[in-house]
Amino acid sequence: MSRRPFHKVLIANRGEIALRVMRTARRLGHGVVAVYSDADQDAPHVRLADQAVRIGAPPPAQSYLNIAASIAAAKATGADAVHPGYGFLAENEDFAQACTDAGLVFIGPSPDAIAAMGNKAGAKDIMLRAGVPCVPGYQGEDQNDEAMLREARRIGFPVMIKAVAGGGGRGMRLVSDADAFLDMLRSARSEAAAAFGDGTVILEKAIANPRHIEIQVFGDSHGNAVHLGERDCSVQRRHQKLIEEAPSPAVGPELRARMGAVAVQAVKALAYEGAGTLEFLLDGDGQFYFMEMNTRLQVEHPVTEALTGLDLVEWQLRVAAGEPLPLRQEQIRLEGHAIEVRLCSEDAAQDFMPKSGRMALWQMPEEIRVEHALESGAEIPPYYDSMIAKLISHGASREEARARLMVGLEQAAALGVTTNQTFLLSCLRHPAFVAGKATTAFIAAHGDDLNAPAVAAADVALATLVLSVSHPLAHPVGGGRSLAASFATPLRFEIGGAVRDAELLRERDGSYRVTCDGTEHGCEVISLSGDMIRVRRGDITESARFVRDGDQLFVQHRGQTLALRDLTLAAPQSSAAAGGDGKVRAALNGRVVAVLVKLGDRVAVGQPVITLEAMKMEHVHAAGLAGTVTAIEVAEGDQVTTGRIVVEIAA
């Protein structure tokens, strides 16, 4: 693959990774060009680039996955190199080849290397020939249902179904028994076809409670190859990583050397150039098995940067320009401990359902590294991945890194769209994680604890107070004592899916008394300005952040976000609005990928009736009551908004 100096880099991506690449490219003296869809026309990566080119409509297939559009944008702006970031076209050999054919430097491995390792079946064959240990499975060409079920039985349940062209957990299913296999197979194929344009899958034996360990590697055009240590990515939901750390609590020097040597051996066998990551499963006996190779920069690369003190994007740019690797293996040092969490716009309590909408208040901590591309008032579109930020801490020890990250998360303000912020804090505080014992089963095993952080009555009382005093028609806070009698103000709000009633009484001395759930809480409002309220409760003064957006109120206190919907002036909710009318409504903005029933079908409670795809994941919607399907309001391919009726059922 041709390597030569270049001067202007087009970044064929969006969001935080586009900004991340821009930062290093500019430091090295390169101009930067952004591309954007209509959904991102006002995004920070567009405003901060030297030039920006519109490449299409919001759906990825019409913009960020449009190879011709990105090539044309590079030509139009005089860019002579392309950085693909991660996701979208980053591991698309056709894109790498198109860049080369257009005379552009592709900042990544060769098309041949991407093709060889991008297909999970082919990659596994290559690794087996190279003597790399692999998970037992099936990666044959016969993809019919009967053959796949037969192979699954041969391997032995539980098995993993994996999309051959997949990544990021999409097109992946864990199947525990033969009865569920064919339904899971259909779902995996559908999701893979939608995400990657290829519904082909492979099967692998499911390793019980493994660690997910990956090795960061680099190769250059001069035959050099190194590894930069491992990352532990075991804390996952839906087979997608949420927390990554380095070094792994389960990997010692001897195992690190063995895994690193295997990874470097694979890189040299491929004559691989650029950044890559080999991913392994590590069982309880210390045996490791190759899963796949990602031929790109990883989302979690800042963890390795913190540990090594290196800029991996800089290494990518230098290798693409034909330079040798900056360091030899013996010169690479791993110091301290680093942990990264992925802040996502999703509801962890609702099976991590992605959320889109307006981020009313956004403020990230300054004490730790944060990669993001948001600001207050920004819209989070439903078309792309739900990850909205990465928070990374580094310390001399694992405990120091963990403590710093928790403080940073507590200080982060992300109000207006539901995020997994509180869930991440629960993970970092959980005894199994604290002890370094988290495996890929961590969230499944401890989900109830992680999803049910105790909400203190005093915090609800605080939120009730903010609900009242932040209302546009509320009386001004302060003013000291009053001789006039005060009457209690009734309040009604929804929190955590439950409707609650409360009363707020302003005392003659200017303080407030909140009665909620039969318990009284007294406090004094010290100040109320902008998005901050300071209150005194007893001898303790503390602050909380909040934002009000219509009838929605978000209050953040001690790292926990309380979301309330003000029902004080609302009419009583009807049974139809509550979902008891037989109408199945879209739970999120998304695209219809499967209609699972027909008119006249009899359905049972909980039976799947429709599947939506949003933020690269599928979400099954089920019947809320038993009855007959009387109307189907959508068809496959339709784009729907939250709350739209998609299916009607008559009891």
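Everything numeric in this text was worked out from a predicted model, so none of it was measured.

### Things to note about helix 1 (residues 15-27)
Okay, step 1: Given a rise of 1.5 Å per residue, 13 residues ought to cover 18 Å, and the 19 Å separating the end C-alpha atoms of helix 1 matches this to within 8%.
Okay, step 2: Of all 13 residues in helix 1, ten are buried; the element is thus mostly enclosed.
Okay, step 3: The set of residues buried in helix 1 consists of Gly15, Glu16, Ile17, Ala18, Leu19, Arg20, Val21, Met22, Thr24 and Ala25.
Okay, step 4: A positive phi of about 90° marks Gly29, the residue just after helix 1.

### What about the sheet that holds strand 7 (residues 159-163)?
The strands that make up a sheet pair up through hydrogen bonds in the backbone, lying either parallel or antiparallel.
Okay, step 1: Here we have four strands laid out as an open sheet, ordered 6-9-7-8, and antiparallel in their pairing. On the outer flanks of this sheet lie strand 6 (137-138) and strand 8 (172-175), each paired with one strand and no other.
Okay, step 2: Pairing geometry for strand 6 and strand 9 (residues 201-205), over two bridges, is antiparallel. Pairing of Tyr138 across the sheet is with Leu203, part of strand 9.
Okay, step 3: Across the sheet, helix 7 (residues 145-155) is in contact with strand 6, strand 7 and strand 9; its angle to strand 9 comes to roughly 15°.

### A short note on the side chain of Glu292
Okay, step 1: Mapping Glu292 onto the fold places it in strand 14 (residues 288-294).
Okay, step 2: The class of Glu292 is buried, set by a relative accessible area of 12%.
Okay, step 3: Beyond its immediate stretch of four places on either side in the chain, Glu292 contacts Lys120, Thr277, Leu278 and Glu279.

### Quick word on the pattern of salt bridges
Okay, step 1: Taken as a whole, this structure holds 47 salt bridges when the rule is applied.
Okay, step 2: The closest approach of N and O atoms between Arg20 and Asp311, which form a salt bridge, is 2.8 Å. Highlighted residues: Arg20 in helix 1 and Asp311 in the loop between helix 10 (301-308) and helix 11 (312-320), separated in sequence by 291 residues. Side by side, Arg20 and Asp311 carry an identical accessibility label, which is buried.
Okay, step 3: In this structure, Arg237 and Glu346 form a salt bridge, with 2.8 Å as the shortest nitrogen-oxygen distance. Of the two residues, Arg237 sits in strand 11 (residues 225-237) while Glu346 sits in strand 16 (residues 346-347), which places them 109 residues apart along the sequence. Each of the two residues, Arg237 as well as Glu346, counts as buried.
Okay, step 4: Connected via shared salt-bridge partners are Arg20, Arg23, Arg27, Glu305, Asp311, Glu314, Arg318, Glu323, Arg369 and Glu371.

### Comments concerning the sheet that holds strand 33 (residues 590-595)
Okay, step 1: The strand order 36-35-33-38 describes an open sheet built from four strands, whose pairing is antiparallel. Unpaired on one side and paired on the other, strand 36 (617-622) and strand 38 (639-640) mark the two borders of the sheet.
Okay, step 2: Where strand 33 lies against strand 38, two bridges are found, and the strand directions are antiparallel. Bridging across to strand 38, Gly590 finds its partner in Val640.
Okay, step 3: Strands strand 33 and strand 36 of the sheet are contacted by helix 8 (residues 181-196), whose axis makes an angle of about 130° with strand 36.

### Let's talk about the packing of helix 13 (residues 421-429) against helix 15 (residues 442-451)
Okay, step 1: Between helix 13 and helix 15, the least distance of the axes is 10 Å, while the angle of their chain directions is 115°. Here helix 15 runs roughly perpendicular to helix 13, going by the angle between their axes. For the element pair helix 13 and helix 15, the recorded crossing hand is right-handed. Between helix 13 and helix 15, the contacting residues are Phe423, Ser426 and Cys427 on the first element and Phe442, Ile443, Leu450 and Asn451 on the second.
Okay, step 2: Among the residues making up the contact of helix 13 with helix 15, the classes are represented as five nonpolar, two polar and no charged.

### Regarding the packing of aromatic side chains
Okay, step 1: All chains considered together, the criterion is met by ten aromatic pairs.
Okay, step 2: Pairing Phe280 with Phe290 gives two aromatic rings, centres 6.2 Å apart and planes at 75°, and the pair type is edge-to-face. Of this pair, Phe280 sits in strand 13 (residues 274-282) while Phe290 sits in strand 14, and the two are ten residues apart along the sequence. Taken as a pair, Phe280 and Phe290 share a single burial class, namely buried.
Okay, step 3: One aromatic cluster is present, built from ring pairs that chain together Tyr64, Phe88, Tyr383 and Tyr384.
Okay, step 4: Above the plane of the ring of Phe433 lies Arg398, whose end atom (NZ or CZ) is 4.6 Å from the centre.

### Digging into the state of the cysteines
Okay, step 1: Per the stated rule, a full pass over the model turns up zero disulfides.
Okay, step 2: Summary of cysteine pairing: Cys523 is not part of a disulfide, and the nearest cysteine sulfur, belonging to Cys516, is at 12 Å.

### What about unusual backbone geometry?
Okay, step 1: The omega angle of the peptide bond from Phe157 to Pro158 is 5°, so this bond is cis rather than trans.
Okay, step 2: With respect to the helices and strands, Pro158 occurs in the loop between helix 7 and strand 7.
Okay, step 3: Across the junction of Ala246 and Pro247, the peptide omega takes the value -5°, indicating a cis bond.
Okay, step 4: With respect to the helices, strands and loops of the structure, Pro247 is situated in the loop between strand 12 (240-246) and helix 9 (253-270).
Okay, step 5: With phi around 45°, Asn209 is a residue other than glycine that occupies positive phi space.
Okay, step 6: Its place among the elements puts Asn209 in the loop between strand 9 and strand 10 (211-219).
Okay, step 7: Phi angles above zero are rare outside glycine, and Phe352 is one such case at about 60°.
Okay, step 8: Mapping Phe352 onto the fold places it in the loop between strand 16 and strand 17 (353-354).
Okay, step 9: Of the residues examined, Phe352 reaches a relative accessible area of 8% and is grouped as buried.

### Brief notes about the confidence of the model for the protein chain
Okay, step 1: Residues with a pLDDT of 70 or more make up 94% of the protein chain, whose mean pLDDT is 90.
Okay, step 2: This stretch, residues 573-579, has a pLDDT under 50; its non-local contacts, to residues over four places away or in other chains, come to seven contacts.

### Focus: the environment of Val175
Okay, step 1: Mapping Val175 onto the fold places it in strand 8.
Okay, step 2: Separated by 469 residues in the primary sequence, Val175 and Arg644 place their C-alpha atoms 32 Å from one another.
Okay, step 3: Other than its neighbours up to four places away in sequence, Val175 contacts Phe157, Pro158, Val159, Ile161, Ala180, Phe181 and Met184.

Calculation rules
- Residues numbered from 1 in each chain as written.
- Predicted model: local features only at pLDDT ≥ 70, side-chain atom pairs only at ≥ 80, totals over all residues.
- Heavy atoms only, no water.
- Helix = DSSP H or I, 4+ residues; strand = E, 2+ residues; numbered from the N terminus.
- Expected span 1.5 Å × (residues − 1).
- Buried < 20%, exposed > 50% of the residue type's maximum accessible area, 1.4 Å probe, protein only.
- Pairing = 2+ DSSP bridges.
- Contact = heavy atoms within 4.5 Å.
- Axes fitted to C-alpha atoms, helices over the stretch in contact; angles between N-to-C directions.
- Salt bridge = Lys/Arg side-chain N within 4 Å of Asp/Glu carboxyl O.
- Parallel < 35°, antiparallel > 145°, perpendicular 65-115°, else oblique.
- Left-handed = near helix turned anticlockwise from the far one by under 90°.
- Nonpolar A, V, L, I, M, F, W, Y, C, P; charged D, E, K, R; others polar.
- Phe/Tyr/Trp six-rings, centres within 6.5 Å; stacked < 30°, edge-to-face > 60°.
- Lys NZ or Arg CZ within 6 Å of the ring centre and 35° of its normal.
- Disulfide = S-S within 2.5 Å.
- pLDDT = per-residue confidence, 0-100.

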